[in-house]
Amino acid sequence: MRIFRKHTDRDTVSLWKKEAKRLENERNQLLAELEGIKNCRTQYRELMDEVSQLKDRYNKIIRQTEAVGDEYRKKLQHIIDKK
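Just so we're clear, the structure is a prediction, and the values are computed from it rather than from any experiment. Counting restarts for each chain, with residues numbered from 1 along the sequence as it is written. At least 70 in pLDDT is required for a residue's local features to be given in this predicted model, at least 80 for side-chain atom pairs to be given and counted, and no such filter applies to totals for whole chains, interfaces and linings, which use all residues. Calculation of side-chain values draws on the structure's entire complement of heavy atoms; hydrogens and water are dropped beforehand.

Novice: How should I be thinking about the overall build of the protein in this particular structure?
Specialist: A tally of regular secondary structure across the protein gives 1 helix and 0 strands. Accessibility here uses a 1.4 Å probe with only protein chains present; expressed as a share of the type maximum, an area under 20% marks a residue as buried, one over 50% as exposed, and anything in between as partly exposed. Counting over 83 residues, the protein shows a buried share of 0%. The accessible surface values rely on the Shrake-Rupley method and a 1.4 Å probe; as for residues, cover is taken only from the protein chains in view. Accessible area for the protein stands at about 8,800 Å²; split by element, carbon and sulfur atoms hold 56% of it. Under the scheme used here, helices are H or I runs from DSSP no shorter than 4 residues and strands are E runs no shorter than 2 residues, and both carry numbers assigned from the N terminus.

And the structure:
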């Protein structure tokens, strides 16, 4: 008894070919989706880096604005105390 037999039946060969083609199409579709997901992930990381940089920039501007405000309050208080 042979474990592997050569299939010469045309219907069987046709079915195997159809299934192989279907699986190949499915594989190609999934690879395309995976590539799209990888692109989204890359864009997400780039956006997160940009958001982090903007956050740092705005925090710096806020600190500078608060420092200027504090300086003006001190000068105003100094002017008020003189009167």
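Novice: I tried to follow the pattern of salt bridges on my own but got confused; where do I start?
Specialist: Pairing between side chains of opposite charge can happen when their charged atoms approach one another. Each salt bridge in this description consists of a side-chain nitrogen of Lys or Arg and a carboxyl oxygen of Asp or Glu lying within 4 Å of one another. Here the structure, examined in full by the defined rule, presents 4 salt bridges. As a salt-bridge pair, Glu19 and Arg22 come within 2.7 Å of each other at their nearest N and O atoms. With Glu19 and Arg22 both in helix 1 (residues 10–82) and 3 residues apart, this pair spans about one turn of that helix. By relative accessible area, Arg22 is classed as partly exposed at 41%. Among the ionic pairs, Lys75 bridges to Glu71, the shortest N-O distance being 3.4 Å. Highlighted residues: Lys75 and Glu71, both in helix 1, separated by 4 residues, approximately one helical turn. In this structure Lys75 comes out as partly exposed when scored by relative accessible area, which is 46%. On the accessibility criterion, Glu71 (42% relative accessible area) is partly exposed. Look at the salt bridges and you will find they share partners, linking Glu19, Arg22 and Glu26 into a network.

Novice: Teacher, can you tell me more about a nonpolar patch on the surface here?
Specialist: Each patch is built from residues lacking any salt bridge and having more than 30% relative accessible area; the joining distance is 9 Å for like charges and 5 Å for nonpolar side chains (Val, Leu, Ile, Met, Phe, Trp, Tyr). A cluster of nonpolar side chains, Leu54, Tyr58, Ile61 and Ile62, forms an exposed patch at the surface whose accessible area comes to about 350 Å². Considering the arrangement of structural elements, one finds Leu54 in helix 1. Given the relative accessible area of 33%, Leu54 is considered partly exposed.

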